[in-house]
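Working through the structure, step by step
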Amino acid sequence: MGGKCLKCVAVAQLVMNLPAMPLHLIKLAVGVHDLAHLKSLQAQRRKQRGMAPRAPHWVYTRNTPKRAADLLDGGSLYWIIKGVMRCRQQLVGFEEDIDDEGRKYCRIKVKRAIVATAPVAFKPFQGWRYMEDKRAPPDLSRGDTADMPADMAAELKRLGLL
């Protein structure tokens, strides 16, 4: 027989032509109470840094993601606030630098717009984690739990009612 399986080749070609699924990051928003607080803190930090009005916001982290190209192909940074994934910001870049003590760090650059997502409970972790697109919660629209107090939405999610 020795030939290639034509059905296998056809399936492989089909799979190879499918668009890539975005890869995302998740990160804890330590000390943040809710979405409004996150927006306020980010605005304060941009003002302190003297950032241009349309410049992307950035977040410090020690380690640069090795899969940066996958992340920048439509990925977002999803924020965990008080143990619940609540929102995301689209990733726009990564910048490595060295601090005053000679340690490497990375700036995760994100668009300023914060998009509310369906709440998903998460256990605490350090740093950031990758998240496959299939695990990403849907964005919320007006009338969803975005209009609900964050603690109420989080409790309903923990109870399995959302």
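Our structure's up above, just so we're on the same page.
Below or above, wherever it landed, is the structure these notes cover. (Residues numbered from 1 in each chain as written. Predicted model: local features only at pLDDT ≥ 70, side-chain atom pairs only at ≥ 80, totals over all residues. Heavy atoms only, no water.)

1. With respect to unusual backbone geometry
Just so we agree on the cut-off: Only DSSP runs of H or I covering at least 4 residues are called helices, and only runs of E covering at least 2 are called strands; the numbering of each starts at the N terminus.
Phi angles above zero are rare outside glycine, and Lys 82 is one such case at about 50 degrees. Mapping Lys 82 onto the fold places it in the loop between strand 3 (76-81) and strand 4 (84-98).

2. Overview of the pairing of strand 1 (residues 23-28)
Which entries qualify depends on this criterion: Three exposure classes are used, based on accessible area relative to the maximum for each residue type with a 1.4 Å probe and protein chains only: buried under 20%, partly exposed in between, and exposed over 50%. A strand pair is defined by DSSP finding two or more bridges across the two strands.
Among the 6 residues that make up strand 1, 5 are buried, leaving the element largely enclosed by the rest of the structure. Relative to strand 7 (residues 128-132), strand 1 runs antiparallel, the two being bridged by 5 bridges. Bridging across to strand 7, His 24 finds its partner in Met 131. Alignment of strand 1 against strand 3, held across 4 bridges, turns out to be parallel. Bridge pairing in strand 3 places Ile 26 opposite Tyr 78.

3. As for the pairing of strand 5 (residues 104-110)
With respect to burial, strand 5 is a largely interior element, 5 of its 7 residues being buried. Examined bridge by bridge, strand 2 (residues 57-61) and strand 5 share 5 bridges and lie antiparallel to one another. Looking across to strand 5, one finds that His 57 is bridged to Val 110. Counted along the chain from strand 4 to the antiparallel partner strand 5, the turn is 5 residues long, and its residue Gly 102 has a positive phi close to 80 degrees.

4. Topic: the pattern of salt bridges
Using the following cut-off: By convention in these notes, a salt bridge is any Lys or Arg side-chain nitrogen within 4 Å of a carboxyl oxygen on Asp or Glu.
Per the stated rule, a full pass over the model turns up 8 salt bridges. One salt bridge in this structure joins Arg 107 and Asp 97, with 3.3 Å as the shortest N-O distance. With Arg 107 in strand 5 and Asp 97 in strand 4, this residue pair connects regions lying 10 residues apart in the sequence. Using a relative accessible area of 13% as the deciding quantity, one classes Arg 107 as buried. Owing to a relative accessible area of 32%, Asp 97 belongs among the partly exposed residues under this scheme. Glu 101 serves as the salt-bridge partner of Arg 103, at 3.1 Å between the closest nitrogen and oxygen. The partly exposed category is assigned to Arg 103, whose relative accessible area is 40%. For Glu 101, a relative accessible area of 62% translates into the label exposed.

Take it as geometry only, folks, not as evidence of what the structure does.
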